[in-house]
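Secondary and tertiary structure notes
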Amino acid sequence: MATVTAPRTLAAYRLDLSRLGPNWYAAVMGTAIVANGAAALPVAVPGLIGFGEAVWALSALALLALVAGRLVHFTRHREAAREQLLDNPATAFFYGCPPMALLAVGYGTEVLGARLIGSQAALTADLVLWTLGTVYAVVVAFGIPYLMITRHRLDPLAANPTWLLPVVAPMVSAALGPVLVPHLPEGLRPAMLYGCYALFGASLLATLVLLPVVFAGLVHSKLPALVLTPSLFLVLGPLGQSATAVNQLADAAREVAPELAAAAVGFAVLYGVSAIGFAMLWLAVALAANLRALRAEMPFAMTWWAFTFPVGTLVTGAAGLARHTGFAGFTGLAVALYLLLLAAWSVASVRTLAGLRSGRLLGPARSA
């Protein structure tokens, strides 16, 4: 019996990398934001930073493994790679995920990895990953809309929140670039500050263009499949990340442009509170819709990772507001959202590992 069952057991662990799409970077993003959120929380909890360091290391290893897998995908499954980007808009939108994964892991390396790999190595890694991620984010932010206009066949009345992914990526660059400002040569610091503000504006305005289309699509056509219900959380991403960005940029302005610092802090608080306020409204919508979908036995899919990164951006956004206002309500909100993030990440991680082990995710196609 052992000789019969062993090959089947081993077969379950073989991965069909032709199915490895850019959406898998959402798992890296979701893991990295758990680490980064631990570093951002405005509370002192014993073991929290150590936990963040461990999760950051996990996200870095996951990023390395995924990059290796995607290289195999591009070299051995070129037709599938071409189809995912050029012919299938449903997967093309997820090309917004790889740059965000690079940026999130890079930031975690700077704020959490220094004790593990050394401060200079951590800074170098963040500089490299932020640069690569930002270039990638800008290319995706104009490249995917270009394909939408010139090649992809889309029905605007069937729009869903995944359409936002490409244009959110530059906002992540804007939010995570300011931490590098003190480490740059003096002459480059203004370029980083104003460049990040430009990335913030580009992403915010592009999001404002797309959000009405997405909402109209949701109202008119609903979601095309139950398993896409978690994508409703993606609307939170640009909201939380933009609140994070303005607060991070306000800190950087104190050093680079002191004459603008007071205005930058004021803008960060006023805009951040407004963005987080709307995010709380949408969070209620997304939670209610997903509870309804779970009662309808929504199956697990990689879309469940949408529960993580967007909520994590609300954690960092609320933490930034707590830092600049001193208001305990924002501290409590950041902690509550982080607990929600931990629960979502735990479920998504366990279910993903189980899916990989069983072969349901990325398993070889079974013959009929």
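If you're wondering where the values come from, they're calculated on a predicted model, not measured in any experiment.

Regarding the environment of A216
Assignment of secondary structure puts A216 in helix α10 (residues 189-221). Separated by 57 residues in sequence, A216 and A159 have C-alpha atoms that sit 7.5 Å apart.

Remarks on helix α2 (residues 25-40)
Taking 1.5 Å of rise per residue, 16 residues should cover 22 Å, and α2 covers 22 Å from first to last C-alpha, within 8% of that figure. The buried fraction of α2 is high, at 14 of 16 residues.

Digging into the nonpolar core
Ranked by internal contacts, the top residues of the largest apolar core, which has 118 residues, are M100, V105, I144, F200, L236 and Y338. Top contributing element to this core by residue count: helix α12 (residues 258-295), with twelve residues. When near neighbours in sequence (up to four residues on either side) are disregarded, F200 contacts M171, A174, S242, A245, V246, F267 and Y271.

Re helix α11 (residues 236-256)
The end-to-end C-alpha distance of α11 is 30 Å, a good match for the 30 Å that 21 residues give at a rise of 1.5 Å each. Most of α11 is tucked away, with 18 of its 21 residues classed as buried.

Section: the environment of V269
By the element assignment, V269 lies in helix α12. Sequence-wise, V269 and H324 are 55 residues apart; in three dimensions their C-alpha atoms are separated by 7.2 Å. In contact with V269, not counting residues within four places along its chain, are L321, H324 and T325.

A look at the pattern of salt bridges
In this structure the tally under the stated criterion is six salt bridges. The shortest N-O distance in the salt bridge between E53 and R115 comes to 2.6 Å. Of this pair, E53 sits in helix α3 (residues 48-76) while R115 sits in helix α7 (residues 114-117); the two residues are 62 residues apart in sequence, bridging distant segments of the chain. A residue is classified by how much of its surface remains accessible, and E53, at 8% relative accessible area, is buried.

Some details on the packing of α10 against α12
The contact between α10 and α12 brings their axes to 15 Å, and the two run at 20°. Comparing their axes, α12 and α10 come out roughly parallel. Between α10 and α12 lies a crossing of left-handed hand. Residue-level inspection shows Y194, Y197, F200, L204, F215 and L218 of α10 in contact with α12, the latter providing L260, A264, F267, Y271 and W282. Here the residues of the contact of α10 with α12 sort into eleven nonpolar, no polar and no charged.

Some points on unusual backbone geometry
Phi at K222 takes a positive value of approximately 60°, unusual for a residue other than glycine. What makes K222 exposed here is its relative accessible area of 52%. Unusually for a residue other than glycine, E297 sits at a positive phi of about 65°. With respect to the helices, strands and loops of the structure, E297 is situated in the loop between α12 and α13 (309-325).

Things to note about the packing of α12 against helix α14 (residues 328-358)
Between α12 and α14, the least distance of the axes is 14 Å, while the angle of their chain directions is 40°. The orientation of α12 relative to α14 falls into the category oblique. With respect to the hand of their crossing, α12 and α14 are arranged in left-handed fashion. Across the interface between the two elements, V273, I276, M280 and L283 from α12 touch F330, L333, L337 and L340 from α14. Of the residues in the contact of α12 with α14, the class split is eight nonpolar, no polar and no charged.

Comments concerning the side chain of T109
By the element assignment, T109 lies in helix α6 (residues 97-112). Here the side chain of T109 touches W56 through a polar contact of 3.0 Å, side chain to side chain. For T109, the side chain forms a polar contact with the main-chain oxygen of V105, separated by 2.7 Å. Filtering out sequence-adjacent residues up to four positions away, T109 remains in contact with W56, A114, I117, A122 and A125.

Points about a nonpolar patch on the surface
A surface patch of nonpolar side chains, amounting to about 350 Å² of accessible area, comprises V135, V138, V139 and F142. By the element assignment, V139 lies in helix α8 (residues 119-150).

Some details on the confidence of the model for the protein chain
When the pLDDT values of the protein chain are averaged, the result is 94; 95% of them are 70 or greater. Confidence drops under a pLDDT of 50 for residues 1-12, and excluding neighbours within four residues, the segment shows five contacts in the predicted structure.

Rules of the game
- Residues numbered from 1 in each chain as written.
- Predicted model: local features only at pLDDT ≥ 70, side-chain atom pairs only at ≥ 80, totals over all residues.
- Heavy atoms only, no water.
- Helix = DSSP H or I, 4+ residues; strand = E, 2+ residues; numbered from the N terminus.
- Expected span 1.5 Å × (residues − 1).
- Buried < 20%, exposed > 50% of the residue type's maximum accessible area, 1.4 Å probe, protein only.
- Core = buried A, V, L, I, M, F, W, Y, C linked by side-chain atoms within 4.5 Å.
- Contact = heavy atoms within 4.5 Å.
- Salt bridge = Lys/Arg side-chain N within 4 Å of Asp/Glu carboxyl O.
- Axes fitted to C-alpha atoms, helices over the stretch in contact; angles between N-to-C directions.
- Parallel < 35°, antiparallel > 145°, perpendicular 65-115°, else oblique.
- Left-handed = near helix turned anticlockwise from the far one by under 90°.
- Nonpolar A, V, L, I, M, F, W, Y, C, P; charged D, E, K, R; others polar.
- Polar contact = N/O pair within 3.5 Å; in protein donor to acceptor, adjacent residues only side chain to side chain.
- Patch = residues over 30% accessible without salt bridge, like charges linked within 9 Å, V, L, I, M, F, W, Y side chains within 5 Å.
- Areas by Shrake-Rupley, 256 points an atom, 1.4 Å probe, with all protein chains shown as cover.
- pLDDT = per-residue confidence, 0-100.

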